[in-house]
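Okay, here's what each chain looks like letter by letter:
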Amino acid sequence: MLKRKYAEGIQMRIIKGDSNINFGSVYENAVAQELTAHGISPYYNNKKRGELDFVIELDGKVLPIEVKSGKDYETHRALSNIMNCADYDLPEAVVFCNDNLRVGGKIVYAPVYMAMFLQKYNTAPTYYKIDLTGL
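In this numbering scheme, every chain counts its residues from 1 along its sequence in written order. pLDDT decides what is reported in this predicted model: residues at 70 or higher carry local features, side-chain atom pairs at 80 or more are listed and counted, and totals for whole chains, interfaces and linings draw on all residues regardless. Remark: hydrogens and water are excluded; side-chain values derive from all non-hydrogen atoms of the structure.

Participant: Where do I start with the pairing of strand β2 (residues 61-67) in this structure?
Facilitator: On a regular strand, each side chain points to the face opposite its neighbour's, so the side chains alternate between the two faces of the sheet. Counting buried residues in β2 gives five out of seven residues, a clear majority hidden from the surface. At least two DSSP bridges between two strands are required for those strands to pair. Runs of E in the DSSP output that reach at least two residues are strands. Runs of H or I that reach at least four are helices, and both are numbered from the N terminus. As defined by bridge partners, strand β1 (residues 54-58) adjoins β2 across five bridges and the pair is classed as antiparallel. Directly across from I56, in β2, lies its bridge partner L63. In sequence, β1 turns back onto β2 through a hairpin of two residues, with D59 there showing a positive phi of about 55°. Pairing of β2 with strand β3 (residues 93-97), which is carried by three bridges, proceeds in the parallel orientation. Counted as the bridge partner of V67 is F96 from β3. To sort residues, take the accessible area from a 1.4 Å probe on protein chains only and compare it with the maximum for the residue type: under 20% means buried, over 50% means exposed, and anything in between is partly exposed.

The following block contains the structure:
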């Protein structure tokens, strides 16, 4: 697990069963690990528009991702700023949260466990060349 990114001491609090944990960093780490396991390199930080949890390239398209652990998962200022930017013209975004799968406009809200279904396809174009020099 990418626990080095967790808040200080959260590992022991999880092991001890502390129920007063903000699971935001836990969820973000789970999603980061899942993306990394699938060969997807996530990163984004823009001081003008805000910080997103992840931005990945999937099937040749940019996909912004937010991870939310609380009940206010529909509040995502940085993601809204990015999605409303005409220069980017992004077709969709994903918010992983504690709710069921649903679509709200251009945003897909999905349970956190569904991060495992993001797949990167490494299909390179195939080129054929006829070699007439060997005849």
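Anyway, onward from the coordinates.
Participant: Is there a simple way to think about the sheet that holds strand β5 (residues 107-111) in this case?
Facilitator: If you walk across this open sheet you meet the five strands as β1-β2-β3-β5-β4, and the pairing is mixed. The open sheet is flanked by β1 and β4 (102-104), the only strands paired with a single partner. Each adjacent strand pair in this sheet contributes to an overall mean axis angle of 30°, direction not counted. Lying on the sheet, helix α2 (residues 24-37) is in contact with β1, β2 and β3; it crosses β1 at an angle near 25°. Only the contacting stretch of a helix is used when fitting its axis, a line to C-alpha atoms as for every element, and angles between N-to-C directions run 0 to 180 degrees. Every residue pair with non-hydrogen atoms within 4.5 Å of one another is taken to be in contact.

Participant: What am I meant to see in the nonpolar core here?
Facilitator: Grouped burial of nonpolar side chains is what soluble globular proteins tend to show. Nine residue types can take part in a nonpolar core, namely buried Ala, Val, Leu, Ile, Met, Phe, Trp, Tyr and Cys, and a core is a set of them joined through side-chain atoms within 4.5 Å. V31, L35, I56, I65, F96 and L118 are the most contacted members of the largest nonpolar core, which totals 17 residues. Of all the secondary-structure elements, those providing two or more residues to this core are α2, β1, β2, β3 and β5. If we ignore the near neighbours within four places in the chain, the residues touching I65 are L35, L52, D53, F54, I56, V94, F96 and L118.

Participant: Would you take a moment to explain the side chain of E66 for this structure?
Facilitator: The residue E66 is located in strand β2 in this model. Side-chain atoms alone can form a polar contact between residues adjacent in sequence; in general such a contact is a pair of N or O atoms within 3.5 Å, and within protein one must be able to donate a hydrogen while the other accepts it. There is a polar contact of 2.7 Å between the side chain of E66 and the backbone nitrogen of D53. Beyond its immediate stretch of four places on either side in the chain, E66 contacts E51, L52, D53, H76, L79, V94, V95 and F96.

Participant: For this particular structure, what's the right way to read the environment of G105?
Facilitator: Here G105 shows up in the loop between β4 and β5. Note on G105: relative accessible area 70%, which makes it exposed. Put simply, G105 and P91 are 14 residues apart on the chain and 10.0 Å apart in space, counted from C-alpha to C-alpha.

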